[in-house]
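So you can see what is in the structure, the chains are spelled out below.
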Amino acid sequence: MTSAFTSNAADLETPRTFKWIADGFAFGGDYNPEQWPEHVWAEDMALMRRAGVNSVNLGVFSWGLLEVADGEYDWGWLDRVMALCAENGIGVNLATPTAAPPMWLVTEHPEIMSVDDRGVRTAPGARLGWSPSSALFRAHAVRFVRALAERYGSHPALRMWHVSNELGNENDRCYGDETGEAWRAWLEAKFGDIGTLNAAWGTTFWGHRYSSFEQVQLPRFARSVHNPGLLLDFERFSSDALLAHYVAERSVLREVTPDIPITTNFMVLGSTRVPDYARWAEEVDLVSNDHYTDSASPDRHAELAFSADRTRGMAQGRPWLLIEHSTSAVDWQPINRAKLAGELTRNTLAHIARGADGALFFQWRASTAGAEQFHSAVVPHAGVDSKIFREVERLGATIKRLAPIVGSRVAPARVAILWDQDASSALSSGKRPSAALDYLDAPLAFHRALTQRGIAVDVVRPADGFADYDLVIVPTLFLATTHTTAALAEFVEAGGHAVVTYFSGIVDETNRVITGGYPGAFRDLLGISVEEFHPMQAVETVTLSNGWSASVWIEQLNLRGASALATYATGDLAGVTALTRNLVGAGSATYVATRVDHSGLLELVDDVCVLAGIHPIATIEEGLEVVRRRSDSASYLFLINHADAPRTAIASGTDLDSGVKHEGSVTVAAGSVVVLEEAAS
Ligand code: GAL
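Residues numbered from 1 in each chain as written. Predicted model: local features only at pLDDT ≥ 70, side-chain atom pairs only at ≥ 80, totals over all residues. Heavy atoms only, no water.

Caption draft 1: Geometry of the site of the ligand. Taken together, Phe61, Arg127, Asn165, Glu166, Asn169, Asp290, Tyr292, Glu324, Trp332, Phe362, Glu372 and His375 are the residues near the ligand. For the ligand, an oxygen atom lies 2.8 Å from a polar atom in the side chain of Trp332. Across the complex, the protein chains shield 96% of the 310 Å² of accessible surface that the ligand would expose by itself. Its residues assigned to classes, the shell around the ligand shows four nonpolar, three polar and five charged. (Near = heavy atom within 4 Å. Polar contact = N/O pair within 3.5 Å; in protein donor to acceptor, adjacent residues only side chain to side chain. Areas by Shrake-Rupley, 256 points an atom, 1.4 Å probe, with all protein chains shown as cover. Nonpolar A, V, L, I, M, F, W, Y, C, P; charged D, E, K, R; others polar.)

In structure tokens, the structure reads:
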């Protein structure tokens with residue numbers, strides 16, 4: 001089974017297509033054979049075949065083992081592993097191992113390491129840590145990447161290049177002198193002259209007007225807060241600096257191996273919020289993402305669904321790859337719970353349902369030494385006579401039977417949630433009315449409510465356009481460009497329905513407040529004007545006149561044409577409007593001034609879906625997650641049961657795993673997944 005993908009990579013004149021990296025869904029994991037004696041490798045191959053593994057990420061952290069001293073290479077072991085993979089039909093996503101600089105390099109050149117905001121240089125001994133703006137590091141990295149590409153570029157096992165690893169994870173922001181030079185060059189390229197920068201950042205505040213770019217410092221440790229305009233640009237610069245490193249490696253790979261696709265693994269919901277992945281996605285041939293569930297969260301499957309939909313949004317609807325997740329516990333959360341029986345299967349198939357054309361685990365065999373000793377793997381410390389290996393083996397067999405789905409797309413959604421990296425960066429750049437505001441919170445809450453109702457939803461960047469949807473959710477979109485303001489107004493005018501939440505449209509792209517009543521960017525469309533925010537203490541809640549409960553945030557809101565749908569029944573603002581709707585043109589604009597709890601959000605979602613004429617993908621019982629993928633000739637329905645009892649959906653088709661035909665309804669066992677090939681309609 002092969003399928004072709006296009007790439008918008010900027011340094012190609014025409015989009016290129018490439019052969020899919022695996023036979024069917026890519027299934028496997030990070031393979032680190034260098035941690036094991038060679039006799040284990042033969043066993044690995046046999047076990048991989050047993051588990052249906054057809055794809056591995058290889059060499060991710062092995063620079064120091066491949067270049068043992070400056071310019072001295074030891075390729076022998078990797079030659080042997082590559083040959084074994086080829087013999088066993090296992091495709092290799094070969095990593096440029098620049099995420100882990102060799103000891104000889106960091107010892108000789110500690111100046112390549114990043115510096116924190118208090119001037120402390122990152123010590124050698126961990127991974128990443130290097131400064132994306134270090135010219136010396138870059139030179140060593142691209143030199144090694146060239147040697148690697150020249151050695152393995154035409155190897156039969158090679159399917160894809162995996163550039164570095166989670167760029168930014170442990171080197172997201174650098175405050176060193178060399179970075180300072182790059183920062184000032186970036187600012188000069190952006191603003192052209194210092195007067196424009198002064199105007200954009202509002203540097204008259206505290207009399208901080210600059211007379212030259214040389215005066216602009218990195219936002220190093222200070223006893224109060226830096227200028228929010230500067231902070232936002234520093235986030236953008238830091239994302240660009242990391243991306244520039246990726247592009248430098250990519251250029252070498254593309255020159256040496258023009259036909260091999262290139263990716264780098266994103267952390268779409270990772271803890272560092274620096275990379276602007278929607279922008280980065282334009283530079284990769286295949287969008288790939290790492291996703292680890294929060295083992296403490298009872299709603300972790302809802303977060304997974306959001307992450308997968310957001311990744312698909314970055315891939316602009318094209319299939320993408322889940323390049324890392326875990327079979328069970330990770331080792332970096334405060335308490336690392338093991339996954340429940342069936343959970344790794346549900347997680348894998350939930351990503352696939354939402355458009356992934358493969359799912360790989362970190363890692364193949366659990367390490368006994370090194371920093372990740374207690375991280376789960378496909379082959380755990382206990383060996384293959386284990387719950388995890390048995391479940392992976394079963395899943396591998398299922399995944400093979402699902403192969404006809406590869407290359408299909410998630411069926412078009414009529415609802416979009418807007419997500420913007422600049423809005424996220426701006427929300428955390430500077431002092432804000434409440435530290436309890438988290439950019440992830442409202443998008444995730446809406447996504448969860450829509451998903452619970454069985455409604456398909458896309459997560460898209462405002463700049464990519466949303467005119468084709470029927471319902472657009474604008475959750476805490478703190479920063480809005482004039483383009484977004486105009487596009488949302490046009491969307492509603494033309495018959496679209498918008499739901500905007502509290503603390504959206506507050507600042508422009510320079511992180512400067514839009515005056516005249518909040519939310520400046522959307523006030524006219526919403527027919528409201530907010531005078532003042534009243535953030536609440538963590539323990540406080542309010543009740544609305546419609547019975548909903550809310551927390552975190554309320555506002556002094558005045559109606560300017562909109563109708564009030566609910567007011568606060570309790571709290572500091574009892575009697576003030578909490579929920580409004582403005583009918584504009586052929587559409588509507590609803591405003592939610594407070595953080596409504598989950599049951600209230602379900603009612604809100606029901607209400608606006610009726611208004612917009614949007615229906616669920618299928619009628620489902622609570623606890624089922626439903627997603628549809630389609631190709632030109634077929635339709636596939638994924639039903640994932642997150643409940644601890646059987647759940648039924650109104651659906652018909654053939655179960656691709658068991659071959660059983662269902663007519664009218666399908667009951668999915670507790671914790672199980674059913675994938676139906678639906679009859680052509
Ligand atoms: C990822 C990383 C992997 C591994 C994994 C553990 O962030 O890319 O190399 O460390 O976390 O969960």
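Caption draft 2: Structural view of the sheet that holds strand S26 (residues 595-596). Read from one edge of the open sheet, three strands run S20-S21-S26, paired in antiparallel fashion. Every other strand in the sheet has two partners, leaving strand S20 (541-543) and S26 as the edge strands with one partner each. Two strands pair when backbone bridges link them, and S20 and strand S21 (residues 549-551) are joined in this way by three bridges, in the antiparallel orientation. Bridging from a neighbouring strand, Thr541 pairs with Ser551 of S21. (Pairing = 2+ DSSP bridges. Helix = DSSP H or I, 4+ residues; strand = E, 2+ residues; numbered from the N terminus.)

Caption draft 3: View of the sheet that holds strand S34 (residues 673-678). Pairing is antiparallel across the open sheet formed by six strands, whose spatial order is S14-S28-S29-S34-S31-S32. Each end of this open sheet is capped by a strand with a single partner; those strands are strand S14 (409-410) and strand S32 (661-662). Bridge count between strand S28 (residues 624-630) and strand S29 (residues 635-641): seven bridges; the pairing is antiparallel. Opposite Val627, over in S29, you have Phe638 as the bridge partner. Lying over the sheet, helix H11 (residues 343-353) contacts S14, S28, S29 and S34, oriented at roughly 145 degrees with respect to S29. (Contact = heavy atoms within 4.5 Å. Axes fitted to C-alpha atoms, helices over the stretch in contact; angles between N-to-C directions.)

Caption draft 4: Highlighting the environment of Val596. In this fold, Val596 is placed in strand S26. On the basis of relative accessible area, Val596 is assigned to the buried category, the value being 7%. Sequence separation between Val596 and Arg250 is 346 residues; the distance between their C-alpha atoms is 45 Å. Once residues within four sequence positions are removed from consideration, Val596 is found in contact with Trp548, Ser549, Ala550 and Leu601. (Buried < 20%, exposed > 50% of the residue type's maximum accessible area, 1.4 Å probe, protein only.)

Caption draft 5: Just the environment of Ala305, in detail. Here Ala305 lies in helix H10 (residues 300-314). If sequence neighbours within four positions are ignored, Ala305 has contacts with Arg354, His447 and Glu625.

Caption draft 6: Looking closely at the packing of aromatic side chains. Applying the stated criterion to the full structure yields 31 aromatic pairs. By way of ring pairs, the aromatic residues Tyr175, Trp183, Trp186, Phe191, Trp201, Tyr210, Phe234 and Phe237 are connected into one cluster. Sitting over the ring of Trp36, Arg365 keeps its end group 5.4 Å from the ring centre. (Phe/Tyr/Trp six-rings, centres within 6.5 Å; stacked < 30°, edge-to-face > 60°. Lys NZ or Arg CZ within 6 Å of the ring centre and 35° of its normal.)

Caption draft 7: Representation of the side chain of Thr348. Relative to the assigned elements, Thr348 resides in helix H11. Looking at Thr348, the relative accessible area reads 0%, which means it is buried. At 2.6 Å, the side chain of Thr348 and the backbone oxygen of Leu344 are in polar contact. For Thr348, the contacting residues outside a window of four places in its chain are His325, Ala359, Phe361, Leu395 and Ile399.

Caption draft 8: Just helix H3 (residues 76-87), in detail. In a regular helix each residue adds 1.5 Å, so twelve residues correspond to 16 Å; H3 covers 17 Å between its end C-alpha atoms and thus fits that length. Looking one or two places after H3, you find Gly89, whose phi comes out positive at around 70 degrees. (Expected span 1.5 Å × (residues − 1).)

Caption draft 9: Seen up close, H10. For H10, with 15 residues, the first-to-last C-alpha span of 21 Å sits near the 21 Å given by 1.5 Å per residue. Counting buried positions along H10 gives 14 out of 15 residues, so the element sits mostly inside the fold. Just downstream of H10 lies Gln316, where phi reads positive at about 55 degrees.

Caption draft 10: Highlighting unusual backbone geometry. Residue Gln363 is reached from Phe362 by a cis peptide bond, and omega for that bond is -5 degrees. Its place among the elements puts Gln363 in the loop between strand S13 (356-361) and helix H12 (387-401). Cis rather than trans, the peptide bond between Tyr518 and Pro519 has omega equal to -15 degrees. Looking at where Pro519 falls in the secondary structure, it is placed in the loop between strand S18 (497-501) and helix H16 (523-526).

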